[in-house]
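An overview of the molecular structure
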Amino acid sequence: MFTIYHNPRCSKSRQTLALLEEQAQKVNKDIAIVEYLKTPLSHDDIRQLLVQLDCSALNMMRVKETEFSEQNLKGANEEVLIDAMANTPKLVERPIVTNGSKAIIGRPPENVLEFF
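Small disclaimer: the values here were computed from a predicted structure and weren't measured.

Details of the pattern of salt bridges
Two side chains carrying opposite charge are able to pair once their charged atoms lie near each other. Scanning the entire structure with this criterion turns up nine salt bridges. In this structure, Glu67 engages Lys90 in a salt bridge whose closest nitrogen and oxygen atoms are separated by 3.5 Å. Taken together, the residues span a long stretch of sequence, with Glu67 in helix α3 (residues 66-70) and Lys90 in the loop between α4 (78-87) and β3 (96-98) at a distance of 23 residues. Glu93 serves as the salt-bridge partner of Arg107, at 3.0 Å between the closest nitrogen and oxygen. Taken together, the residues span a long stretch of sequence, with Arg107 in the segment after β4 (103-105) and Glu93 in the loop between α4 and β3 at a distance of 14 residues. Linked by salt bridges that have partners in common, Arg62, Glu65, Glu67, Lys90, Glu93 and Arg107 make up one network.

Here is the structure:
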């Protein structure tokens, strides 16, 4: 089972989902689609994804969004960044795909091919 944290308005997210669907069908795996702007991630969800991504909170963020600078997040610690992503889902980099133990940011979309 794969889970994609998806924004349907994002072209990279749509491309990643299409690629994931194509590959998952070949290996008979299901895909859960979480539209994280409608269903924001909890603090615990974000922490789990950070472990699966093996990265810092900053590397999971869209630092060019105006909300990043408006919230003065440059140089902030991990907990502040996690809190910002939980409260402002737009700051979460997209798309993120997980197989339950490992996660990958689908930028470029071909990154998800690591799962196959």
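Comments concerning the nonpolar core
Formed by 22 residues in total, the largest nonpolar core has its most connected members in Ile46, Met60, Met61, Met85 and Ile96. Within the residue set of this core, elements represented by two or more residues are α2 (43-53), α4 and β4. At five residues, α4 tops the list of elements feeding residues into this core. Apart from the residues within four sequence positions on either side, Met60 is in contact with Ile46, Leu49, Leu50, Leu53, Cys55, Met85, Leu91, Val92, Glu93, Ile96 and Ile105. Among the nonpolar cores identified, the runner-up in size contains ten residues, and Leu17, Leu19, Ile104 and Phe115 belong to it.

How each quantity is defined
- Residues numbered from 1 in each chain as written.
- Predicted model: local features only at pLDDT ≥ 70, side-chain atom pairs only at ≥ 80, totals over all residues.
- Heavy atoms only, no water.
- Salt bridge = Lys/Arg side-chain N within 4 Å of Asp/Glu carboxyl O.
- Helix = DSSP H or I, 4+ residues; strand = E, 2+ residues; numbered from the N terminus.
- Core = buried A, V, L, I, M, F, W, Y, C linked by side-chain atoms within 4.5 Å.
- Buried < 20%, exposed > 50% of the residue type's maximum accessible area, 1.4 Å probe, protein only.
- Contact = heavy atoms within 4.5 Å.

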